[in-house]
Amino acid sequence: MASSKEYLDFILDQFSELEEMSYRQMMGEYILYYRGKIIGGIYDNRLLLKPVKVIIDQLGQTRLERPYEGAKEMILLEDLEDKLFLARLIKEMYEVLPVPKVKKKA
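All of the points below concern the structure found in this document.

Quick notes on the rules
- Residues numbered from 1 in each chain as written.
- Predicted model: local features only at pLDDT ≥ 70, side-chain atom pairs only at ≥ 80, totals over all residues.
- Heavy atoms only, no water.
- Helix = DSSP H or I, 4+ residues; strand = E, 2+ residues; numbered from the N terminus.
- Rg over C-alpha atoms; globule rule 2.2 N^0.38 Å.
- Buried < 20%, exposed > 50% of the residue type's maximum accessible area, 1.4 Å probe, protein only.
- Contact = heavy atoms within 4.5 Å.
- Pairing = 2+ DSSP bridges.
- Axes fitted to C-alpha atoms, helices over the stretch in contact; angles between N-to-C directions.
- 1 Å grid on protein atoms, 1.4 Å probe; cavity = no way out; pocket = protein on both sides within 12 Å on 5 of 7 lines; lining within 4 Å.
- Points joined across faces, edges and corners; volume = space filled by probe spheres on them.
- Nonpolar A, V, L, I, M, F, W, Y, C, P; charged D, E, K, R; others polar.

Here the focus is the overall build of the protein chain. For the protein chain, the helix and strand inventory stands at 3 helices and 6 strands. Secondary structure elements of the protein chain, listed N to C terminal, follow the sequence α-β-β-β-β-α-β-β-α. A globule of 106 residues ought to have a C-alpha radius of gyration of about 13 Å, and the protein chain, at 13 Å, matches this closely. The dimensions of the protein chain, computed from C-alpha atoms along their principal axes, are 45 × 30 × 25 Å. The proportion of buried residues among the 106 residues of the protein chain is 40%. A fraction of 52% describes how many contacts in the protein chain between residues 6 or more apart in sequence connect residues 24 or more apart.

Moving on: the sheet that holds strand β6 (residues 74–76). Strand order in the open sheet formed by 6 strands is β1-β2-β3-β4-β6-β5, and the pairing between neighbours is antiparallel. Unpaired on one side and paired on the other, β1 (21–26) and β5 (63–65) mark the two borders of the sheet. Across the sheet, the axes of successive neighbouring strands diverge by a mean angle of 35°, strand direction being ignored. Across 4 bridges, strand β3 (residues 37–43) lies against strand β4 (residues 46–49) in antiparallel orientation. In the strand pairing of β4, G41 is matched with L48.

Within β3, 6 of the 7 residues are buried, leaving the element largely enclosed by the surrounding structure. With antiparallel pairing between neighbouring strands as the criterion, strand β2 (residues 29–34) and β3 make up a hairpin whose turn holds 2 residues, including R35 at a positive phi of roughly 50°. Between the antiparallel neighbours β3 and β4 lie 2 residues, among them D44 with a positive phi of about 50°.

To continue, consider the side chain of Q14. Examined against the element boundaries, Q14 turns out to sit in helix α1 (residues 5–14). A residue is classified by how much of its surface remains accessible, and Q14, at 6% relative accessible area, is buried. Residues contacting Q14, with those up to four places away along its chain left out, are L80, E81, K83 and L86.

Our focus in this paragraph is the layout of surface pockets. Each pocket or cavity is described by its volume, and for the largest pocket that value is around 460 Å³. Forming the walls of the largest pocket are 18 residues, and the residues nearest its centre are M26, I31, Y43, P67 and Y68. Secondary-structure elements contributing two or more residues to the lining of the largest pocket are β1, β2 and β3. Split into classes, the residues belonging to the lining of the largest pocket amount to 11 nonpolar, 1 polar and 6 charged. Considered as a void within the structure, the second largest pocket measures approximately 160 Å³ in volume. Around the second largest pocket, the lining residues are L59, Q61, T62, R63, L76, L77, E78, D79, D82 and F85. In the lining of the second largest pocket, the residues fall into 4 nonpolar, 2 polar and 4 charged.

Read these as spatial facts, not as claims about activity.
What follows is the structure, given as structure tokens:
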């Protein structure tokens, strides 16, 4: 099942405290970026974030789910109401994510 544009719009609104949020549609789902780094995505109308320690520590009990068959588990974020908490979470996550590799042009 593909994610809806309405759910994407809802998630982007919840991240409205953050500048430089972007997304890319891929096979009916959405990859989410913050300041150029992939933070997670929207899969089957679920917000899934990369499983980094800083997020796991802050959330306490986390539920891990696979975005699709064969993929690595990601953190399912269900409490989406507190925009300031979400912004802080993503900013802290950004600090520990690796810099994206630059692809060489052939």
